[in-house]
Amino acid sequence: MRWFANKRPAKLLALFAICAAMGCERARVHLEPTPPPTVTISLPIEREISDMPDFTGHTMAIKAVDVYARVGGFIDKVAFKDGDVVKEGDLLFQIDPRPFDADVARDEASLAAAKARAKLAAADLARAEKLIRGKTITQEDFDRTTAENAQALAAVQEAEASLTTSKLNREYSTITAAVGGRISRAIITKGNLVNASAGSPTLLTTIVPIDPIYAYFDVDETTFLRVARKARDPNHQHPPVDMQLANEGGFSHHGRVDFVDNQIDSATGTIRVRAVFPNADGVLAPGMFATIRVRPPDKRPALMVNDRAVGMDQGRRFLLVVGADNKVEYHEVLIGPLVDGLRAIEKGLKPDEWVIVNGLQRARPGITVAARKTEMPQPPPAEEATAIESEKTESGTNAGK
């Protein structure tokens, strides 16, 4: 028992010494400073830009022509292929012309007979005029002869009108394109009967002109007040616009605003605008959805940053800026349009302030960072970006194979 009593204090002293050593080691570890996170910072780019708001719109043909038969009959010939581009005056359908040729021949004969009767009536009237002067015939006989001559002349006019109608019907049996453009499919094919009655005419096909082509889009009131209403000024050149299709990486189609509607929709705060685009290659088709960018002629200075540097916090846009003491500052900003991948900053940033463009996830307002300065990164042009993306897709496909 005495031995155990003598040993116990010694063990306790050793245990206290070990704990003290471990505590000192922990204290020493916690006292070592943590290195600041590394971020990349850049100055904003000063550039003159044009406000180019983007709008969603759709293309529409300048006009669409429904092709109907003006006369009834059986289709003898369909002279186009579905989806062809036709010119004005091109043959589309041929209705069997033989019944109309027969009508023309009959009416020509009727006209000849009417002219013969009119000639005889004119001769009778000339004789009656001589006889009435000598009082050889009665006034009643003279009046009858005069009326017969008038009836004969009217019969000639009637026969001429009937012949004109027959010739028109024969002409209508040959159906041609009223306008040039892209034609739809043939709804009625060879051998079928077409109806030309006023109540239910037979639709044969449709044609839509494709060059030029319209694009309709709705513009907000602010843009209208700044840009679109200039289209109504006869002394002002219509604002240019650019169009991007769904499968394109840039705005490669260029046109001009040619119409602005006469009132703003109070429910949406927008106004309908129309632009016209050349379409000689036929790439644009009616009904396409497209992004349309309005380019005002006026330019203004702006501070531009990479769009990835702009953060969002509960609907507010912000930038993280590094000050002279390498501390991160939170700047709420008002953003402007996106131009070639760079975002315009309308308010909240100065030209000499360094913006964090890389390492945003490691930075917090108020902390100190290790900043590495570089030029503001700029994304490649739209055409180059599209090519790079295509190369990546092709490489991935080949790798999969």
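Provided above is the structure to which this section pertains.
Conventions we followed
- Residues numbered from 1 in each chain as written.
- Predicted model: local features only at pLDDT ≥ 70, side-chain atom pairs only at ≥ 80, totals over all residues.
- Heavy atoms only, no water.
- Pairing = 2+ DSSP bridges.
- Helix = DSSP H or I, 4+ residues; strand = E, 2+ residues; numbered from the N terminus.
- Buried < 20%, exposed > 50% of the residue type's maximum accessible area, 1.4 Å probe, protein only.
- Polar contact = N/O pair within 3.5 Å; in protein donor to acceptor, adjacent residues only side chain to side chain.
- Axes fitted to C-alpha atoms, helices over the stretch in contact; angles between N-to-C directions.

## A closer look at the sheet that holds strand β7 (residues 91-95)
Step number 1: Across the sheet, which stays open at both edges, the four strands sit in the order β8-β7-β5-β10 with antiparallel pairing between neighbours. Either end of the sheet is taken by a strand with one partner, and the two such strands are β8 (174-176) and β10 (193-194).
Step number 2: Bridge count for β7 against β8 is three bridges, and the pairing is antiparallel. The residue of β8 that forms the bridge with Phe93 is Ile175.

## Here's the deal with the side chain of Ser42
Step number 1: Tracing the backbone shows Ser42 in strand β1 (residues 38-42).
Step number 2: With relative accessibility at 0%, the residue Ser42 sits in the buried group.
Step number 3: At a separation of 2.9 Å, a polar atom in the side chain of Ser42 contacts the main-chain carbonyl oxygen of Thr374.
Step number 4: In terms of polar contacts, Ser42 uses its side chain to reach the backbone carbonyl oxygen of Glu375, at 3.3 Å.

## Section: the sheet that holds strand β16 (residues 289-294)
Step number 1: As summarised here, the arrangement of the six strands in space is β3-β12-β15-β14-β13-β16, forming a closed barrel in which the pairing is antiparallel. Geometrically, the sheet is characterised by an average inter-axis angle of 40° between neighbouring strands, direction not taken into account.
Step number 2: With five bridges connecting them, strand β13 (residues 240-245) and β16 associate as antiparallel partners. By the bridge assignment, Asp242 is partnered in β16 with Arg293.

## Concerning unusual backbone geometry
Step number 1: Between Asp211 and Pro212 the backbone carries a cis peptide bond, its omega angle lying at 0°.
Step number 2: By the element assignment, Pro212 lies in the loop between β11 (203-208) and β12 (213-220).
Step number 3: The phi angle at Lys135 is positive, at roughly 55°, despite the residue not being glycine.
Step number 4: Locating Lys135 in the fold gives a position in the loop between α2 (98-133) and α3 (139-172).

Take it as geometry only, folks, not as evidence of what the structure does.
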